[in-house]
Amino acid sequence: MRVALLISMLLGSGTIPGCGQKTSDAPPKVAAGVVDESLPPEVRERQDALIRAFRVIKNGTDVKHVSRYEADLQFNESAESFYGEGVALARWDWAGPPAEDKLPVRLEMTLDEPPGDKTVPYERTYQVRKTGDGFVITPVDN
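Owing to the predicted nature of the structure, the values given are computational and were not obtained by experimental measurement.

Enquirer: Explanation requested: the pairing of strand S4 (residues 119–131) in the structure shown.
Expert: Within a regular strand, the side chains alternate between the two sheet faces. Of the strand pairs in this sheet, strand S3 (residues 102–110) and S4 are connected by 9 bridges, and their pairing is antiparallel. Across the sheet, Val-105 pairs through a bridge with Arg-124, a residue of S4. In this sheet, strand S5 (residues 134–140) lies alongside S4 in antiparallel orientation, the contact comprising 7 bridges. Bridging across to S5, Thr-131 finds its partner in Gly-134. Counting the residues between successive antiparallel strands, the hairpin from S4 to S5 contains 2 residues, one of them, Gly-132, with a positive phi of roughly 60 degrees.

Enquirer: Just checking my understanding: could you explain the sheet that holds S3 for this structure?
Expert: Backbone hydrogen bonds hold the strands of a sheet together, and the pairing may be parallel or antiparallel. With mixed pairing, 5 strands are arranged side by side in an open sheet as S1-S5-S4-S3-S2. Pairing within the sheet leaves two strands with one partner each, and these edge strands are strand S1 (73–75) and strand S2 (88–94). Each adjacent strand pair in this sheet contributes to an overall mean axis angle of 35 degrees, direction not counted. In the sheet, S2 pairs with S3 via 6 bridges, with the strands oriented antiparallel. Bridge pairing links Ala-88 to Thr-110 in S3.

Enquirer: Teacher, can you tell me more about the environment of Trp-94 here?
Expert: You can see Trp-94 is positioned in strand S2. Remark: the alpha-carbon pair of Trp-94 and Arg-124, spanning 30 residues in sequence, is separated by 9.7 Å. Leaving out residues up to four positions away in the same chain, Trp-94 has contacts with Gly-33, Val-34, Gln-47, Leu-50, Ile-51, Leu-103, Pro-104, Val-105 and Arg-106. A polar side-chain atom of Trp-94 sits 2.8 Å from the main-chain carbonyl oxygen of Val-34.

About the thresholds
- Residues numbered from 1 in each chain as written.
- Predicted model: local features only at pLDDT ≥ 70, side-chain atom pairs only at ≥ 80, totals over all residues.
- Heavy atoms only, no water.
- Pairing = 2+ DSSP bridges.
- Helix = DSSP H or I, 4+ residues; strand = E, 2+ residues; numbered from the N terminus.
- Axes fitted to C-alpha atoms, helices over the stretch in contact; angles between N-to-C directions.
- Contact = heavy atoms within 4.5 Å.
- Polar contact = N/O pair within 3.5 Å; in protein donor to acceptor, adjacent residues only side chain to side chain.

See below:
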């Protein structure tokens, strides 16, 4: 009976490590950006094109082969430039509102260091131009 009372008191007070305690006040990290439905249709199309390119890359496809999986996309950036110090795209989100055909993004690349959860952030802007039935995606010098 005493043990049950002691456990009940500890649980109620939140003094047991890991029980009911906040680990961080930081908002959860977004895995990937989504299309902003409040934007005009042509901007939403550009966002969708970039989302699809990043989805293919995040799934492990080399940046030079994006068009094999998304035939209407031409991704004009080398792997070395895209990944920087990283080896894989961990997550990404929009870094601000679009400006015409330029879309700012915040990328997090996984580093090739144990235990495999270290990342490095990058802020970039991509120009997404409509060409016929497709899109050309090119990094813009910030």
